[in-house]
Amino acid sequence: MQSSDLGNREQGKIWHRKPAPAAQQGVIVNIIHSATGYHSKTIRFLNVAFDSSGDSLLAGDHQGNIYVFDLTGNRFSLVQRTMQACTALAFNLRRKTEYLVALADYSIKCFDTDTKELVSWMRGHDSSVSSISVHGSGRYAITTSTDTAQFWDLDTFQRKRKLNVRQSVGIQKVFFLPLSNTILSCFKDNSIFAWECDTLQCKYQLPTPIEGSMLHYKIFATTRDGRVLVTGGKSNHLHLWCLESKQLLRIIQMPTKVRAVRHLEFLPDSFDGGSNQVLGVLSQDNIMRFINIQTCKHLFDIGNHEEGISTAAISPNGRYIASVMQNGSLNIYSVQALTQEVNKPPPPLVKVVEDLSKDKLGASKLTMRVTSGRSERPWKSRGSKTQTRVLKPQVNTSLENKENELPDGLNKKRLQALLKGFGEYPAKYRMFVWRALLQLPENHLAFSSLIDKGVHSAFVHLKDEYPMKSRKLLRVLQRTLSALAHWSAIFGETPYIPLLAFPFVKLFQNNQLICFEVVATVIVNWCQHWFEYFPNPPVNVLSMVENILAHHDKELLQHLINCNVTSQLYAWPLLETLFSEILTREEWLKVFDNIFSNHPSYFLMMVAAYIVCSRAPLLHCNQTEDFEYFFHHRNNLDINVVIKEAYHLMEATPADIHPQRMLDDFIPLTKGQYPVFNKYPRFIVDYQTQERERIRQDEVEYLRERQLVHEIEANAVQRKVEDEAWYRKQELLHEAEEQRRKILLQEEEKLADQRQRLAAVKRELKVKELQLLDAARRRFLKHQQDQRQMELKRLDDEIARKVSMRERETAATVQDVEVRQMELESQRQLFEQQLVKDQETVTQEVKGEIDASRRRADLEEHLVQRLIEVDRDEDRSVKPSLRYAPCIDKKIAELRDEQRERLVKKQFAVVYKGERYCSDNSLEPIAGRDL
């Protein structure tokens, strides 16, 4: 990846691309997500997941940001902000743009990378989701937490089943087996069960390992074909289970540095048929070691103690390894760079240690050094010691078999012997053998430059000419054909190139580089001299087939000539389609096992052998249509017989007509850059290209003029239509106007009638209203009269009530007055009695005084005689006393009258203007009293 593409700044966040240090071999890019600010910090990545193609990577950090990294397009994009950390990711759903993310709130959400919208929200877990397993069809998913596993339908996003276990047992992992409908459930008690996906019936349970080999399973991994299960835990042992036989295959012991296994994952290979051999083991020291489970050899490792690995994911195509480092960054490794040392051919077994002179050279004195094997880490084996021993080679050693030596330690002669013995290569190793036979260079840079040129103009409308259900297959075919056309212009002009390339595209659709190089190798070697007579079929090649047929079956050739059937009808359909129209997949693979293992002339021998073996039905055909149908459809023919007949023709054909005389030996593609392919009449291709360009320009001009004419015609038609529409509209308006006028007259008549009826109704309503008003007035008058009567009655009642109250008050007052009179009378009598007593007392006093006066008068009378002067004095004193007696009586009478008057005033009240006053010379008002 280029640093310019990953150095984008996004809302205060910076992506850094750091060059891979020397210690980290194979690192394509190191991605660090840092947030700028006052305190810059690194946002840690937590999980990664590849899509089904292996070209895109999904990564989530602890802040809930989800990013998609396009490894082929060299770009990335932020597709979602979940605002919470993710615990698991899955990017291999049936809808390629959708992905699942498990969040810290125990929920699972499905998002779309294109629309960036939420597709569904699934809840049901009560603890953190640790893993998400998606079925191979992408329709179902299983999410696992410590207490439960849930089975989801990704079409409806509904939960189908839920697996609950006792808390004492616990769940380690539940996942789908690849390429099958089996679910594996692994529990903390080391029990492993297999279930049928559709019925959820238990299929089998793996047995308990033997004594002494028990370990607590925590980590699990399966091969791509679902046949082998690897388990690990807190130990340096790995258990390999064969799921077909339900037996423990072997126990692998890791180095002593490994004390616990944290992650296991197989490294896919395009040529192993899904039976993966390389296993990645991430241990507690944060180093991921890759081993071969068959040879138990350590191949390479990633990570170190300084920059440890937290988790890792391997792309399905086996090209990339994405690892989340301990520091939160993301490393992307190239598997090709990591394995280039491992995949190198072994060092030569014979190495000259000492160059002796010719006179001293002897077969018995040549010293050789043999290495016991590769070191555990090839790029660090400089200082490793090798075991050596001295061999004495055979004297007759020659280089005659040098051309039969193939890459990866294979030998062509041995492969041919194996092929003749079994008739075909093992399906498990077929792709590996083909790659070795064809000696593919795997020029990634050259192929990328061809792909970067885009879709060739000749194949833009490929889907119209070759419609396919699989969009992926069509896209791969279009890319492969475009790369061929960019490699050589002839392939953009050849009409049968799609037919020739299609079977290889369908076979290698997951590895476009291998697909392109296989097709290019086939064209260079097995399509020799095909393009010399372009644009016509290769007459020279067809004549070779015809010569072979003439030599081995003259009767059949004569019959074809009599029926006017040429080699362009019976040989060319087989050549241009590479037998793909007339053979099944298994037959086609078997045929090309033999074609790739022999000289390119064997291909033409196969064509002639097919025709010879079909002589019986061909001799019964007389119509050209029958021959066309026969060579374009599958027939009941044993392909093994055809292959044997081809070998027979290879041996029995004379050298003068043998195609081997005209065809060159196999030449592989060159490394680094692809060879120049110009074995065609360039002037014809250039002329056709120029003509095609001229025709294209003329077509563009014609289309432009036709578009202009169509626009003019469309405008004229539009104007005509508008005029007709206007006239029709005018007529309609006139008719509508007449109709409206009639309607208006009718409406006016109706309105007049309605007005008359309305006037009559108004009159009736007026009369009724007057009647109602009169009735209301009368009712109101009656109501007022009733109200007044009720008011008068109420007043009468009030007056009567007040009168009765007044009477009661008067009676009470009278009673009070009478009682008061009685009290006054009693007081008067008491006062009179007291007055009588006082009068009697005064009278007694007066009487006493009178008696005393009388006694004094009597004394004085007696003394008068004695004294004259005394008599005078006595007379003076006697006269006043007599004079005072009437006054005393009068005074007593006045006092009695005054006392009586005071008593009367106190008993009676004087009423003056509704107020009562006491008679004791003070006014005391008494309110509310009427006498």
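Rules used throughout
- Residues numbered from 1 in each chain as written.
- Predicted model: local features only at pLDDT ≥ 70, side-chain atom pairs only at ≥ 80, totals over all residues.
- Heavy atoms only, no water.
- UniProt positions renumbered as here; feature names shortened; annotations may be inferred.
- Helix = DSSP H or I, 4+ residues; strand = E, 2+ residues; numbered from the N terminus.
- Buried < 20%, exposed > 50% of the residue type's maximum accessible area, 1.4 Å probe, protein only.
- Contact = heavy atoms within 4.5 Å.
- Areas by Shrake-Rupley, 256 points an atom, 1.4 Å probe, with all protein chains shown as cover.
- Salt bridge = Lys/Arg side-chain N within 4 Å of Asp/Glu carboxyl O.
- Patch = residues over 30% accessible without salt bridge, like charges linked within 9 Å, V, L, I, M, F, W, Y side chains within 5 Å.
- Lys, Arg positive; Asp, Glu negative; His and termini not counted.
- Charge placed at Lys NZ, Arg CZ, Asp CG, Glu CD.
- Pairing = 2+ DSSP bridges.
- Phe/Tyr/Trp six-rings, centres within 6.5 Å; stacked < 30°, edge-to-face > 60°.
- Lys NZ or Arg CZ within 6 Å of the ring centre and 35° of its normal.
- Axes fitted to C-alpha atoms, helices over the stretch in contact; angles between N-to-C directions.
- pLDDT = per-residue confidence, 0-100.
- Arc of directions from axis to C-beta.
- Parallel < 35°, antiparallel > 145°, perpendicular 65-115°, else oblique.
- Left-handed = near helix turned anticlockwise from the far one by under 90°.
- Nonpolar A, V, L, I, M, F, W, Y, C, P; charged D, E, K, R; others polar.

The chain appears in an unreviewed UniProt entry as TBC1 domain family member 31 from Chelydra serpentina. The chain has a UniProt comment under Function (unreviewed entry) that states "Molecular adapter which is involved in cilium biogenesis. Part of a functional complex including OFD1 a centriolar protein involved in cilium assembly. Could regulate the cAMP-dependent phosphorylation of OFD1, and its subsequent ubiquitination by PJA2 which ultimately leads to its proteasomal degradation."

A. Region of the structure containing the overall build of the chain. Helix and strand counts for the chain come out as 21 helices and 33 strands. A buried classification covers 39% of the 931 residues belonging to the chain. Counting contacts in the chain only where the partners sit at least 6 residues apart, residues at least 24 apart contribute 53% of the total. By element, 51% of the accessible surface of the chain is carried by carbon and sulfur atoms, the whole surface being about 55,400 Å².

B. How the structure looks around the pattern of salt bridges. Tallying each qualifying case throughout the model produces 24 salt bridges. Of the charged contacts, one joins arginine 95 and aspartate 155 as a salt bridge, the two residues approaching to 3.8 Å between their closest N and O atoms. Taken together, the positions of arginine 95 in the loop between β9 (86–90) and β10 (98–103) and aspartate 155 in the loop between β15 (148–153) and β16 (158–164) put the pair 60 residues apart, joining distant regions of the chain. Residue arginine 95 is classed as partly exposed on the basis of its relative accessible area of 33%. The partner of aspartate 285 in a salt bridge is arginine 289, with the nearest N and O atoms 2.8 Å apart. Under the relative-accessibility criterion, aspartate 285 is labelled buried at 12%. According to the relative accessible area criterion, arginine 289 is buried, its value standing at 6%. Members of the salt-bridge network, linked through shared partners, are Arg94, Arg95, Glu98, Arg139 and Asp155.

C. Region of interest: the side chain of glutamate 576. You can see glutamate 576 is positioned in helix α14 (residues 572–576). The residues touching glutamate 576, leaving out its near neighbours within four places in the chain, are Tyr496, Leu499, Leu500 and Trp530.

D. Layout of a positive patch on the surface. A surface patch of like charges, here positive, comprises Lys96, Lys463, Arg471, Lys472, Arg475 and Arg479. Looking at which element gives the most residues to the positive patch, the answer is helix α7 (residues 471–487), with four residues. Position of lysine 96 among the secondary structure elements: in the loop between β9 and β10.

E. Representation of unusual backbone geometry. With a phi close to 55 degrees, leucine 179 is a non-glycine residue in the positive phi region. As for its placement among the helices and strands, leucine 179 is situated in the loop between β17 (171–176) and β18 (182–187). The phi angle at lysine 246 is positive, at roughly 55 degrees, despite the residue not being glycine. As for its placement among the helices and strands, lysine 246 is situated in the loop between β23 (237–242) and β24 (247–253). A relative accessible area of 28% means that lysine 246 is categorised as partly exposed.

F. Focus on the pairing of β15. In terms of residue burial, β15 counts as a mostly covered element, since six of its six residues are buried. Along β15, one buried face is formed by Thr148, Gln150 and Trp152 and the opposite face, lined by Ala149, Phe151 and Asp153, is buried too. Alignment of strand β14 (residues 140–144) against β15, held across five bridges, turns out to be antiparallel. The partner of threonine 144 across the bridge, within β15, is alanine 149. Sheet analysis places β15 next to β16, joined by six bridges and oriented antiparallel. Bridge pairing in β16 places tryptophan 152 opposite arginine 159. Where β15 folds back onto β16 in an antiparallel hairpin, the turn is made up of four residues, including phenylalanine 157, whose phi is positive at roughly 55 degrees.

G. Quick peek at the packing of aromatic side chains. A full pass over the atoms with the stated rule returns 40 aromatic pairs. Ring geometry for phenylalanine 187 against phenylalanine 193: centres 6.0 Å apart, planes inclined by 75 degrees, an arrangement best described as edge-to-face. Overall, phenylalanine 187 belongs to the buried group, its relative accessible area being 8%. With centroids separated by 6.4 Å and ring planes inclined at 10 degrees, the aromatic side chains of tyrosine 496 and phenylalanine 531 adopt a geometry described as stacked. With tyrosine 496 in the loop between α8 (490–493) and α9 (497–507) and phenylalanine 531 in the loop between α10 (512–526) and α11 (539–552), this residue pair connects regions lying 35 residues apart in the sequence. The pair tyrosine 496 / phenylalanine 531 is uniform in exposure class, with both members buried. The ring of tyrosine 204 has lysine 246 sitting right over it, with the charged end atom 4.6 Å from the ring centre.

H. Region of the structure containing the sheet that holds strand β27 (residues 288–292). In spatial order, the strands read β25-β26-β27-β28; together these four strands make up an open sheet with antiparallel pairing. The sheet is open, and its two edges are formed by β25 (261–267) and β28 (298–302), each paired on a single side. Taken pair by pair, the neighbouring strands of this sheet meet at an average axis angle of 20 degrees, ignoring direction. One ladder, built from six bridges, connects β25 with strand β26 (residues 278–283); its direction is antiparallel. Within the sheet, the bridge partner assigned to histidine 263 lies in β26 and is leucine 282.

I. Up close: the confidence of the model for the chain. With 80% of its residues at a pLDDT of 70 or more, the chain shows a mean pLDDT of 80. Predicted confidence is poor over residues 1–23, with pLDDT under 50, and the contacts of this stretch with residues over four places away or in other chains come to 64 contacts. This model gives residues 345–400 a pLDDT under 50, and the stretch forms 50 contacts once residues within four places in sequence are excluded.

J. Structural detail: helix α12 (residues 554–562). Listed in full, the buried residues belonging to α12 are Leu556, Leu557, His559 and Leu560. Along the axis of α12, the buried residues cluster in a sector spanning 160 degrees; they form a single face. For α12, the exposed residues lying more than 90 degrees away from the buried face are Lys554, Glu555 and Asn562.

K. Broad picture of a nonpolar patch on the surface. Together, Leu792, Leu795, Ile799 and Val803 make up an exposed nonpolar region whose accessible area comes to about 340 Å². For valine 803, the location among the structural elements is in helix α20 (residues 682–864).

L. How the structure looks around helix α5 (residues 444–452). All buried positions along α5 are accounted for by Ala446, Phe447 and Leu450. Summarising the axial view, the buried residues of α5 lie within an arc of 95 degrees, below the 170-degree limit, and thus occupy one face. When the buried face of α5 is taken as reference, the exposed residues oriented beyond 90 degrees from it are Leu445 and Asp452. Summarising the contacts, the buried residues of α5 are in contact with α7 and α10.

M. Fine view of the packing of helix α15 (residues 585–596) against helix α19 (residues 639–652). α19 packs onto α15 with a crossing angle of 15 degrees between their chain directions and a minimal axis gap of 10 Å. When the axis of α15 is compared with that of α19, the two are roughly parallel. Of the two elements, α15 crosses α19, and the hand of that crossing is right-handed. Every residue of α19 that contacts α15 at Glu587, Lys590, Val591 and Asn594 is listed here: Ile639, Asn640, Ile643 and Tyr647. When the residues that make up the contact of α15 with α19 are grouped by side-chain class, the tally is four nonpolar, two polar and two charged.

N. The arrangement of the pairing of strand β3 (residues 27–35) in detail. Of all nine residues in β3, eight are buried, a share of seventy percent or more. Pairing of β3 with strand β4 (residues 41–42), which is carried by two bridges, proceeds in the antiparallel orientation. By the bridge assignment for β4, serine 34 is matched with threonine 42.

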